[in-house]
Amino acid sequence: MIAKVQSGAVVGIDGYGVTVEIDLARGLPSFTIVGLPNAAVRESRERVTAAIRNNGYRPPQRRVTVNLAPADIRKEGAAFDLPIAVGVLSASGQLSCPVPDDTLILGELALDGKLESVRGVLPVVYYGRMAGKVRAIVPEDNAAEAALVRGVEVAGCRDLAEAVSVLEGGERRAVPDRRPERTGYVEELDYAQVLGQYAAKRALQIAAAGGHHVLMVGPPGSGKTMLARRLPTVLSPLDEEEAIENAKIRSVVGGMDGDVMTLRRPFRAPHHSASDAGLVGGGRGASPGEITLAHNGILFLDELTEFRRNVLETLRQPVEEGRIVISRANLNISYPARFQLVAAMNPCPCGYHGSSDRVCRCSPPQIKRYLAKVSGPLLDRIAIHISVRAVDPGDLDFKGTGDGMDSDEMRKGVLEAVGRQRNRYGTMSNIRSNADLPVSRFKALCSLDGKAEELLSSAQRKLLFSARSRRNILQVALTIADLEMCETVKPRHVAEAIQYRVPRHPAVM
Ligand SMILES: [Zn+2]
């Protein structure tokens, strides 16, 4: 007798359907799994047989053949344990009803029949809804994650026996609701804590509003890291679609404990000793790297010049395309990686070049070698360059309130500007913020003052900046106009945007 159970697996961060077919035939007892299983899947037969016995069912005394279809995609992990066990019970007549076709089943079995959580449940259930599945039976620890997908009834189960009982119409355990709250930006970090850095905060507000990449150059102790770490406090929350994308990424990585779905944009700060695989993804299992974990959020690279040059080179493709393709054996896996790059570096090896409070002791060739560690093409993709200076306590006003810009105030401006961009770009899926706007669409979507255009062209002639710089300046000028709630990009907006491209770094332009 043949049984069929609907399950699923993940490629990249997307789920797809896998049909688990079980055939029981006469003959010497054996257990074969076909359909490109990896080692973990092949070991499934040991776990499944023990779990069946230890939950009070009869292990099959037949020739068992399990087929995982489609056969052309490699199957990984232990998530097929539960569908295989259910299929064996069904094929051997130990279930009181057939296994419904509209139910997704996945989970790893321990030898005692207990269900263990698996990775990638969210993408599979998400796929399942689109494929017309109405119910999902998953390990209890994955239930909240699966329940993020609206319209699919989720049953979280503790063991094989409970999964069987649910299939036979028994009661489901209540699923904790982990949908995020829409309100509340409770943060310990606030820009009010960074005093006297008005210019840097202004530039970061623009970056947050338009999704522009940022480079901060300044001496040690000038507050670059403090400034960067507070950027998430002024970003717009994730929208529903983005939140699901980010939850899918965490589901695949296996980092869903507790914090199932959040509307906070991720902030990732990998250390400069990070490997290629750690940063961009790959390695064993071709897992996603930091740039994918930073998707829809911020990738902060502190001490940019300390990163190995070839590691930084690998960032060019994702910075441009918002994705990274990892090649592995005969499979290319594409992961989303649309992040906002925030980088920080010292101006020279000693850190004090151009600083007023200490003398730089580096020779010009030393400085040149130091700056050359960061590739020009990468820097050219960064729209906002800021020089951060150490703040003299004497410059702060007597109340110590600094420049008066706190995160609440900055975020208010950002949200207004983001709202204007949403109206402008509507449902264009490839343009989410001003930083995505191609020059070819600029005239059609925005209004540019004639004088502003002249200013841009004369600056380009004088400063000889690249076409990419010109595009960056236009995008940043548009964000500045958005922050001002101004319909037209005016000369003053362009002038401020040019200032963020004036080379502070010989490798740029
Ligand atoms: Zn120096």
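Everything numeric here is computed off the predicted structure, so don't read it as measured data. (Residues numbered from 1 in each chain as written. Predicted model: local features only at pLDDT ≥ 70, side-chain atom pairs only at ≥ 80, totals over all residues. Heavy atoms only, no water.)

## So, the sheet that holds strand β11 (residues 267–268)
Sheet strands associate in pairs through backbone hydrogen bonding, adopting either a parallel or an antiparallel arrangement.
Stage number 1. An order of β11-β14-β17-β10-β18 is seen for the five strands of this open sheet, with the pairing classed as parallel. In this open sheet, the two strands that pair with only one neighbour each are β11 and β18 (384–387).
Stage number 2. As judged from the four bridges shared by strand β10 (residues 214–217) and strand β17 (residues 340–345), these two strands associate in the parallel manner. Opposite V214, over in β17, you have V342 as the bridge partner.
Stage number 3. Each of β10, β17 and β18 is contacted by helix α7 (residues 198–210), which is oriented at about 165 degrees to β18, the strand it contacts most. (Pairing = 2+ DSSP bridges. Helix = DSSP H or I, 4+ residues; strand = E, 2+ residues; numbered from the N terminus. Contact = heavy atoms within 4.5 Å. Axes fitted to C-alpha atoms, helices over the stretch in contact; angles between N-to-C directions.)

## As for helix α9 (residues 240–253)
An α-helical turn contains 3.6 residues, so a residue and the one three or four places further along point in the same direction.
Stage number 1. Helix length check: α9, at 14 residues, gives a terminal C-alpha distance of 20 Å against a target of 20 Å (1.5 Å per residue), a fit within 8%.
Stage number 2. Burial of α9 is extensive: 11 of the 14 residues sit out of reach of the surface.
Stage number 3. Of all the positions in α9, only E242, A243, I244, E245, N246, A247, K248, I249, R250, S251 and V252 are classed as buried.
Stage number 4. On its buried side, α9 packs onto β1 (2–11), β2 (14–25), α4 (121–130), α5 (143–146), α11 (290–293) and β16 (331–336).
Stage number 5. Put simply, D239 is the residue that caps the front of α9, since its side-chain oxygen is 3.2 Å from the backbone nitrogen of E241.
Stage number 6. Directly after α9, the chain includes G254, whose backbone phi takes a positive value near 90 degrees. (Expected span 1.5 Å × (residues − 1). Buried < 20%, exposed > 50% of the residue type's maximum accessible area, 1.4 Å probe, protein only. Polar contact = N/O pair within 3.5 Å; in protein donor to acceptor, adjacent residues only side chain to side chain.)

## Notes on the pairing of strand β4 (residues 63–69)
Stage number 1. On β4, burial follows the alternation: V64, V66 and L68 on one face are buried, whereas R63, T65, N67 and A69 on the facing-out side are not.
Stage number 2. Pairing geometry for β2 and β4, over seven bridges, is antiparallel. Residue pairing for β4: V20 is matched across the bridge by L68.
Stage number 3. Looking at chain direction, strand β3 (residues 30–34) and β4 are connected through five bridges and run parallel. The partner of S30 across the bridge, within β4, is R63.

## A word on the packing of aromatic side chains
Stage number 1. Per the stated rule, a full pass over the model turns up one aromatic pair.
Stage number 2. Centroid distance F267 to F300: 6.0 Å. Interplanar angle 35 degrees. Geometry classified as tilted. Within this pair, whereas F267 is found in strand β11, its partner F300 is found in strand β14 (residues 298–301), the two being separated by 33 residues in sequence.
Stage number 3. Classification of F267 by relative accessible area gives partly exposed; the value is 22%. (Phe/Tyr/Trp six-rings, centres within 6.5 Å; stacked < 30°, edge-to-face > 60°.)

Everything listed is a geometric property; what it means functionally is a separate question.
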